[in-house]
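Given next are the chains, with one letter for each unit.
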There are 2 protein chains.
Amino acid sequence: MTNTRFTALAQTLPATVPFVGPEAQERAMGKDFRARLGANENIFGPSPKAIAAMQDASDGIWMYGDPESYDLRHALAEFHEIPPQNIVVGEGIDGLLGYLARLVIEPGDTVVTSQGAYPTFNYHVAGFGGVLHMVPYKNDHEDLDALMRKAADVDAKLVYFANPDNPMGTWVSGDSIVAALDNLPEDTLLVLDEAYVEFAPEGTAAEVDIEDPRLIRMRTFSKAYGMAGARVGYALGARDLIRNFEKIRNHFGMNRAAQTAALAALADANWLADTNEKVVQARAEIDGIAHANGLTTLPSATNFVAIDCGRDGAYAKAVLDGLVQRGVFVRMPFVAPQNRCIRVSCGPSEFLQILADEMPKVLADLG
Amino acid sequence: MTNTRFTALAQTLPATVPFVGPEAQERAMGKDFRARLGANENIFGPSPKAIAAMQDASDGIWMYGDPESYDLRHALAEFHEIPPQNIVVGEGIDGLLGYLARLVIEPGDTVVTSQGAYPTFNYHVAGFGGVLHMVPYKNDHEDLDALMRKAADVDAKLVYFANPDNPMGTWVSGDSIVAALDNLPEDTLLVLDEAYVEFAPEGTAAEVDIEDPRLIRMRTFSKAYGMAGARVGYALGARDLIRNFEKIRNHFGMNRAAQTAALAALADANWLADTNEKVVQARAEIDGIAHANGLTTLPSATNFVAIDCGRDGAYAKAVLDGLVQRGVFVRMPFVAPQNRCIRVSCGPSEFLQILADEMPKVLADLG
């Protein structure tokens, strides 16, 4: 087959990956990271009940997963006090963002997001030919008002907003999002990524009528529930919008053991509460490490903390590179001025101690 | 968001699922199947080493899987004696077929397959606006020559061929496929689905130069390796073709425990050989059950057997319904005259015995 048989769009797309995985970095370095603090994984891990459920399910892995994720969807429906028809389960938020882009974006359609926000969303939009319009952060927050204005200016089909935000960890109240919906252009859909919302203060989740056609909310078992490797996310939205995913999704795409584990994780509210306590403690530890090195941190409503390295992006990159070379995997924002920071995931003290040990050496090396 | 904001294509697509899952049938019946013999799952299950690997990996499920599936791709490269750059790992063959359709199909593009062949392929083609042209089976085999002719007639971008075939279990030699490639129109890509090839006689897999640009081969851990619920498939093809998947695939879509388990499954060649012996035995048992009931079977190179119910599709459907009501999950071909058959997956004797017990009652009920 010649290249000309690829779609016109596919011919223009780069072969790219939104993030290089830490394993690829480890292979390049020829050694493993001592502290894996870069991917906003939840190093405290999932509920032991979820792990047990996953292990129990391994004997039945010869069976396809239920394409309807019936049990999980119904448990989520009860949890959110909404009908199951308003929920679609998918292969992580990444998978669901891809499906959503496919449902909505035709080549040339416009989409609005923040400059430096989640690159995988951008990857999917570009992958369907969408044209991205970027709005700068304002005081290290995604700028809700400016996003709404830009969406109106460019007649956007989608506008993306993560609350809490990644990579900065900042957040706005759910009420302010509800209020902003009134400024959302008619026929624009708000993609509200709430991947980290379980870590956030009460009132951060947007309280909206589940049949409100103006937004879709993305949730995941990858963060607070500690199951990033399982690939279970879900979207909440109006029934008609959710039904459209049935037209295109990979119906048999869910790992069966992951479905079972998510069900067990959801049921273990105590573990989630414990995790949140650990994360609060870890944020304080990261804050302490930053201050001990003369640096500051941004307030965070997530399981990661942005450490402000106090200079420009090149300096933060040098700090990051130094940490990576010393076995500490961290990442950083892509865009100025947010790229003055490095982003550190929460985890047990034994791993944060490695950061504490190495940070002064890295800074000393840089002078 | 109003319906008019969905893509023109999405607005025309039905909300559909290629297969209703057995769990949905169980929920509708209010009872579980006693014998799950309908989805061509491998009831003999995966290698115990794969199960152990999956269980061991559950502690690390807080980590995303390696987006490059590096270890698995390299093990597969060694196994197939090809470079790893010629392999893409994905969320089952279903996921990979979706990616391939996305790379190649624009609305109105033509695709050729057999009438009654794998519906999930059709689902993905239609999902990207492709126009399907169907060629009838010939003597219960997919008709390779007719498919090639049709591909030329309609200037197909893709032509699908499963070897061995699902749902009939029939097969052709790998050599005949290699020979047919010379009749493949220039700029048509052969999608060779070898999901069941590990069950087939020596010489069934097509021996082609891995850089041959005329075909892509699909393989899976769902069938012979017994891990349908894990969602691990892979495609083999020319480096340039495979590289194109990097443009669009869900890079972090693979379940981490599934990657590890696939690696262990691949390494356990003895288990695969044992499975094949068990499948040969089970095919003979299904054959015996058919004959004991005055029915015949088709020769099979897969882990399922098509039982010819000897009359028309309505009769076979009545047989299927009777079995389902009696707790035996089976499926059947969609299209005449193949729909004179029901399709029974291989499994341990305890489950086939349930089929043996119920079949005479079902046939007696039908008279």
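Criteria and cut-off values
- Residues numbered from 1 in each chain as written.
- Chains lettered and ligands numbered in written order.
- Predicted model: local features only at pLDDT ≥ 70, side-chain atom pairs only at ≥ 80, totals over all residues.
- Heavy atoms only, no water.
- UniProt positions renumbered as here; feature names shortened; annotations may be inferred.
- Axes fitted to C-alpha atoms, helices over the stretch in contact; angles between N-to-C directions.
- Helix = DSSP H or I, 4+ residues; strand = E, 2+ residues; numbered from the N terminus.
- Parallel < 35°, antiparallel > 145°, perpendicular 65-115°, else oblique.
- Left-handed = near helix turned anticlockwise from the far one by under 90°.
- Contact = heavy atoms within 4.5 Å.
- Nonpolar A, V, L, I, M, F, W, Y, C, P; charged D, E, K, R; others polar.
- Pairing = 2+ DSSP bridges.
- Least-squares fit on C-alpha atoms with pLDDT ≥ 70 in both.
- Domains from an automatic or database assignment.
- Buried area = accessible area lost by both parts, 1.4 Å probe.
- Salt bridge = Lys/Arg side-chain N within 4 Å of Asp/Glu carboxyl O.
- Polar contact = N/O pair within 3.5 Å; in protein donor to acceptor, adjacent residues only side chain to side chain.
- Phe/Tyr/Trp six-rings, centres within 6.5 Å; stacked < 30°, edge-to-face > 60°.
- Buried < 20%, exposed > 50% of the residue type's maximum accessible area, 1.4 Å probe, protein only.
- Lys NZ or Arg CZ within 6 Å of the ring centre and 35° of its normal.

- Under an unreviewed UniProt entry, chain A has the name Histidinol-phosphate aminotransferase and belongs to Shimia gijangensis.
- The Sequence similarities (unreviewed entry) field of the UniProt record for chain A holds the comment "Belongs to the class-II pyridoxal-phosphate-dependent aminotransferase family."
- Looking at the Cofactor (unreviewed entry) heading of the UniProt record, one finds this comment for chain A: "pyridoxal 5'-phosphate".

**Quick look at the packing of helix 11 (residues 269-292) of chain B against helix 13 (residues 349-366) of chain B**
Two quantities define a packed helix pair, namely the angle between the helix axes and the distance between the axes.
Residue and element names in this part refer to chain B.
Step number 1: Their axes nearest at 10 Å, the elements helix 11 and helix 13 cross at an angle of 15°. When the axis of helix 11 is compared with that of helix 13, the two are roughly parallel. Where helix 11 crosses over helix 13, the two elements pack in a sense that is right-handed. Mapping the contact onto sequence places Ala282, Glu285, Ile286 and Ile289 in helix 11 and Ser349, Leu352, Leu355 and Ala356 in helix 13.
Step number 2: Classifying every residue of the contact of helix 11 with helix 13 gives six nonpolar, one polar and one charged.

**Some thoughts on the sheet that holds strand 9 (residues 296-297) of chain B**
Residues and elements named next belong to chain B.
Step number 1: Taken in spatial order, the three strands line up as 9-10-12 in an open sheet, and their pairing is antiparallel. Edge strands, defined here as strands with exactly one partner in the open sheet, are strand 9 and strand 12 (341-345).
Step number 2: Across five bridges, the pairing between strand 10 (residues 304-308) and strand 12 is antiparallel. Bridge assignment links phenylalanine 304 to a residue of strand 12, and that residue is serine 345.

**Side note on the relation of the copies chain B and chain A**
Copies of the same chain, two in number, are related to each other by a rotation about an axis and a translation along it.
Step number 1: Note on the copies: chain B fits chain A at an RMSD of 0.0 Å, the axial shift is 0.0 Å, and the rotation between them is 180°. As the rotation angle and translation indicate, the two copies are arranged about a two-fold axis. By C-alpha distance to the rotation axis, the residue of chain B lying nearest is glutamine 55 of chain B, at 2.5 Å.
Step number 2: The residues that chain B uses at the interface reappear at the interface of chain A in 99% of cases, marking a shared surface.

**Focus: the sheet that holds strand 10 (residues 304-308) of chain A**
All names here are of chain A.
Step number 1: Spatially, three strands are ordered 9-10-12 in an open sheet, and the strand pairing comes out antiparallel. Only two strands of the sheet have a single neighbouring strand rather than two, namely strand 9 (296-297) and strand 12 (341-345).
Step number 2: Pairing analysis gives two bridges linking strand 9 to strand 10, with the strands arranged antiparallel. Bridging from a neighbouring strand, threonine 296 pairs with aspartate 308 of strand 10.

**Observations concerning the domain arrangement of chain A**
Residues and elements named next belong to chain A.
Step number 1: One can read the domain layout of chain A as domain 1 (17-45 + 270-366) and domain 2 (48-267).
Step number 2: Using only C-alpha atoms to locate each centre, domain 1 and domain 2 end up separated by 25 Å.
Step number 3: At the interface, 28 residues of domain 1 touch 28 residues of domain 2.
Step number 4: The contact between domain 1 and domain 2 buries some 2300 Å² in all, and 65% of this surface belongs to carbon and sulfur atoms.
Step number 5: Contact with domain 2 buries surface across domain 1, with Leu272, Ala301 and Gln338 losing the most and accounting together for 23% of the total.
Step number 6: Between domain 1 and domain 2 we count one salt bridge in total.
Step number 7: Notably, a salt bridge pairs aspartate 140 with arginine 340, separated by 2.6 Å at the nearest N-O pair.
Step number 8: Here domain 1 and domain 2 share ten residue pairs in polar contact (both at pLDDT 80 or more) between them.
Step number 9: Counting residues per element, the ones that place at least two in the side of domain 1 that touches domain 2 are helix 11 (269-292), strand 10 and strand 12.
Step number 10: A per-element tally of the side of domain 1 that touches domain 2 places helix 11 first, with six residues.

**Notes on the interface of chain B and chain A**
Step number 1: Contacts between chain B and chain A engage 85 residues on the former and 84 residues on the latter.
Step number 2: Here chain B packs against chain A, burying approximately 7200 Å² in sum over the two surfaces, 55% of which is carbon and sulfur.
Step number 3: For the pair chain B and chain A, the number of links is eight salt bridges.
Step number 4: In this structure, glutamate 68 of chain B engages arginine 27 of chain A in a salt bridge whose closest nitrogen and oxygen atoms are separated by 3.1 Å.
Step number 5: In this structure, the connection of chain B to chain A is made through 53 residue pairs in polar contact (both at pLDDT 80 or more).
Step number 6: In terms of residue count, the dominant contributor to the side of chain B that touches chain A is helix 5 (residues 92-104) of chain B (five residues).
Step number 7: Among the residues making up the side of chain B that touches chain A, the classes are represented as 38 nonpolar, 22 polar and 25 charged.

**A word on the pattern of salt bridges**
Step number 1: Under the definition given, this model contains 38 salt bridges over all chains.
Step number 2: Residues participating in the shared-partner salt-bridge network are Arg34, Arg326, Glu358, Lys361 and Asp365 of chain A.

**A short note on the packing of aromatic side chains**
Step number 1: Enumeration over the complete set of coordinates arrives at 16 aromatic pairs over all chains.
Step number 2: For the pair phenylalanine 19 of chain A and tyrosine 118 of chain A, a centre-to-centre distance of 6.2 Å together with 40° between the ring planes defines the contact as tilted. One end of the pair, phenylalanine 19 of chain A, is in the loop between helix 1 (8-12) and helix 2 (22-29); the other, tyrosine 118 of chain A, is in the loop between strand 3 (110-114) and helix 6 (119-127), with 99 residues separating them in the sequence.
Step number 3: Residue classification places phenylalanine 19 of chain A among the buried residues on the basis of a relative accessible area of 13%.
Step number 4: With a centroid separation of 5.8 Å and 75° between ring planes, the pair formed by tyrosine 64 of chain B and phenylalanine 252 of chain B is classed as edge-to-face. Linking tyrosine 64 of chain B in the loop between helix 3 (48-57) and helix 4 (70-80) with phenylalanine 252 of chain B in the loop between helix 9 (239-245) and helix 10 (256-267), this pair joins segments that are 188 residues apart in sequence.
Step number 5: Feature note: the residues Phe19, Tyr118 and Phe334 of chain A constitute an aromatic cluster, connected by ring pairs.
Step number 6: One residue, lysine 278 of chain A, lies across the ring of tryptophan 271 of chain A, its end atom 4.2 Å from the ring centre.

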